[in-house]
Amino acid sequence: MKSIGVKPFNVDRYLKARLAQYFLLDSQDFFHRIQILNKSPRFSPNTFTPKTLVDTIMCVECALKSIIISLSRSNEKPENAYLAARRCGHIIDRLLTEASRRSFHRVSFLSKREIQILLQLKNIGVEGRYAYEIANKMQQEDPLLRFLREGAVTKLLNSEFLSSSLSVTKRLVGIAGKSFDKYWKGSTSFKLKHLDKIDNRLNIFRDNVSTNR
């Protein structure tokens with residue numbers, strides 16, 4: 001006998017909820033790490049600060065991917081929702097565009113000003129974790145702008161930009177959490193009898209995404 005008001009277990013809904021939750025947890029972990037780094041002594045703004053910004057990029061990426069999956073329509077397969085996020089890669093503007101499109105009339109998203117702050121992170125890129133890559137980017141700036149710390153990269157390597165990007169990133173992680181709670185809270189619960197169904201669906205999911213990347 002079924003309990004009144006209790007929806008039957010849906011393995012696709014469970015899988016999408018898990019995927020959104022994994023990216024959400026990743027974004028929260030990265031944000032926690034950024035906070036620790038932000039409170040640490042900075043040995044060099046040209047090498048230490050970029051690594052903090054790379055973690056910020058990863059945090060933003062994971063939060064946006066969580067939002068994209070959380071805001072997938074009920075008839076969108078887990079594979080399609082996952083690939084919509086994964087195919088954006090590390091490209092922040094593509095992730096922002098997709099997340100913003102899906103958030104329309106569903107959840108409150110970032111302001112234009114906040115989006116512009118995050119878009120500046122493209123000038124660092126995930127390759128910014130290497131000192132050589134940052135030095136190479138800085139060397140390509142106009143010498144005067146580089147000297148004045150107003151180049152595309154040098155203007156980001158300061159406490160002011162770190163603070164503003166951290167503030168926007170915190171808000172984005174919050175939006176990811178609210179999106180998940182609004183549409184998927186409670187959907188990651190399952191019973192022991194569902195394990196075989198979950199394992200079988202995961203195997204199908206892995207096969208499908210590996211052939212469609």
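Residues numbered from 1 in each chain as written. Predicted model: local features only at pLDDT ≥ 70, side-chain atom pairs only at ≥ 80, totals over all residues. Heavy atoms only, no water.

J.: With reference to specific residues and values, describe the overall build of the protein chain.
T.: When helices and strands are counted, the protein chain shows nine helices and zero strands. Helices and strands appear in the protein chain in the N-to-C order α-α-α-α-α-α-α-α-α. Over its C-alpha atoms, taken along the principal directions, the protein chain stretches across nearly 75 × 35 × 30 Å. Nonlocal contacts in the protein chain, meaning residues at least 24 apart in sequence, comprise 78% of its contacts between residues at least 6 apart. Of the roughly 12,200 Å² of accessible surface on the protein chain, 54% is carried by carbon and sulfur atoms. On the protein chain, the mean spot of the 37 positive side-chain charges and the mean spot of the 20 negative ones are 7 Å from each other. (Helix = DSSP H or I, 4+ residues; strand = E, 2+ residues; numbered from the N terminus. Contact = heavy atoms within 4.5 Å. Areas by Shrake-Rupley, 256 points an atom, 1.4 Å probe, with all protein chains shown as cover. Lys, Arg positive; Asp, Glu negative; His and termini not counted. Charge placed at Lys NZ, Arg CZ, Asp CG, Glu CD.)

J.: Tell me about unusual backbone geometry, residues and numbers included.
T.: What you tend to see is this: most non-glycine residues have negative phi, and most peptide bonds are trans. Despite not being glycine, H105 shows a phi value in the positive range, around 65 degrees. By secondary structure assignment, the location of H105 is in the loop between α4 (92-103) and α5 (112-119).

J.: So what's going on with a nonpolar patch on the surface? Which residues, and what values?
T.: Residues L144, F147 and L148 make up a contiguous nonpolar surface patch of roughly 350 Å² in combined accessible area. Relative to the helices and strands, F147 resides in helix α7 (residues 143-147). Note on F147: relative accessible area 67%, which makes it exposed. (Patch = residues over 30% accessible without salt bridge, like charges linked within 9 Å, V, L, I, M, F, W, Y side chains within 5 Å. Salt bridge = Lys/Arg side-chain N within 4 Å of Asp/Glu carboxyl O. Buried < 20%, exposed > 50% of the residue type's maximum accessible area, 1.4 Å probe, protein only.)

J.: I'd like a rundown of helix α8 (residues 159-184), residues and numbers included.
T.: Helix length check: α8 (26 residues) gives 37 Å between terminal C-alpha atoms against 38 Å at 1.5 Å per residue, within 8%. Where α8 begins, one side-chain oxygen reaches toward the backbone nitrogen of E160, 3.1 Å away; that side chain belongs to N158. Following α8 by one or two positions, G186 has its phi on the positive side, about 90 degrees. (Expected span 1.5 Å × (residues − 1). Polar contact = N/O pair within 3.5 Å; in protein donor to acceptor, adjacent residues only side chain to side chain.)

J.: So what about the packing of helix α3 (residues 78-86) against helix α9 (residues 195-212)? Which residues, and what values?
T.: Close contact between α3 and α9 brings their axes to 10 Å; oriented N to C, the two are set at 45 degrees. Relative to α9, α3 is oriented oblique. Two packed elements cross with a definite hand, and for α3 against α9 that hand is right-handed. Across the interface between the two elements, P78, E79, Y82 and L83 of α3 pack against R201, I204, F205, N208, V209 and N212 of α9. (Axes fitted to C-alpha atoms, helices over the stretch in contact; angles between N-to-C directions. Parallel < 35°, antiparallel > 145°, perpendicular 65-115°, else oblique. Left-handed = near helix turned anticlockwise from the far one by under 90°.)

J.: Can you explain the pattern of salt bridges? Please cite residues and give values.
T.: Pairing between side chains becomes possible if they bear opposite charge and their charged atoms approach one another. A full pass over the atoms with the stated rule returns eleven salt bridges. Notably, a salt bridge pairs D12 with K77, separated by 3.2 Å at the nearest N-O pair. Here D12 is found in helix α1 (residues 11-38), whereas its partner K77 is found in the loop between α2 (48-70) and α3, with 65 residues between them in sequence. A relative accessible area of 44% places K77 in the partly exposed class. Its salt-bridge partner being D93, residue K122 comes within 3.3 Å of it at the nearest N-O pair. Remark: D93 occurs in helix α4 and K122 occurs in the loop between α5 and α6 (131-139); sequence separation between them is 29 residues. Take K122: its relative accessible area is 42%, and that puts it in the partly exposed class.

J.: Please provide a residue-by-residue account of the side chain of E76, values included.
T.: Position of E76 relative to the elements: it lies in the loop between α2 and α3. Taking the relative accessible area as the measure of exposure, E76 reaches 16% and is therefore buried. A distance of 3.0 Å separates polar atoms of two side chains, one belonging to E76 and the other to R102.

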